[in-house]
Amino acid sequence: CWPSASEDPPRHGLGELDEFLDCAESLEASFGWKAHIVLFADTDKVLEVPRVQSLRESGKLIWPAQTDSLVHLDRSPATLTVRGLLRVWADWWTLAFDVHALILCHSGFGATALEIGPER
């Protein structure tokens, strides 16, 4: 949920990513899960964060996005949005129905997925 070059207001900086990952690992430990972390973001700059790189290399963190399909539905140019729409829909569906816990930033994308999903 990091801002791109669009007019999207900043929500979280890359420096705050550790807090999200700490929360995910704490949640996993408290439930005794052996879980994967699925990271959704609207910038591939998260892939440059050393901790993300380490978690990906270990197989613990999954980055489902393709760097050429990152879109922001209400702020990306229409031609880019059309190309990335299917991927965004699949990501949103995954958040809604294929996870047991969500750690979200202030974003309508994650919040709406949480609202329609069966896990609360």
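Note that this is a predicted model, so its numbers are computed, not measured.

Where charged atoms from two side chains of opposite charge approach closely, those side chains can pair. Following the criterion strictly, the structure yields 4 salt bridges and no others. Among the ionic pairs, D18 bridges to R51, the shortest N-O distance being 3.0 Å. Within this pair, whereas D18 is found in helix α1 (residues 17-31), its partner R51 is found in helix α2 (residues 50-58), the two being separated by 33 residues in sequence. Across the pair D22 and R51 runs a salt bridge, and its minimum N-O distance is 2.7 Å. One end of the pair, D22, is in helix α1; the other, R51, is in helix α2, and 29 residues separate them in sequence. Judged by its relative accessible area of 21%, R51 falls in the partly exposed class. Taken together, the salt bridges that share partners define one network made up of D18, D22, E25 and R51.

The rules behind these values
Residues numbered from 1 in each chain as written. Predicted model: local features only at pLDDT ≥ 70, side-chain atom pairs only at ≥ 80, totals over all residues. Heavy atoms only, no water. Salt bridge = Lys/Arg side-chain N within 4 Å of Asp/Glu carboxyl O. Helix = DSSP H or I, 4+ residues; strand = E, 2+ residues; numbered from the N terminus. Buried < 20%, exposed > 50% of the residue type's maximum accessible area, 1.4 Å probe, protein only.

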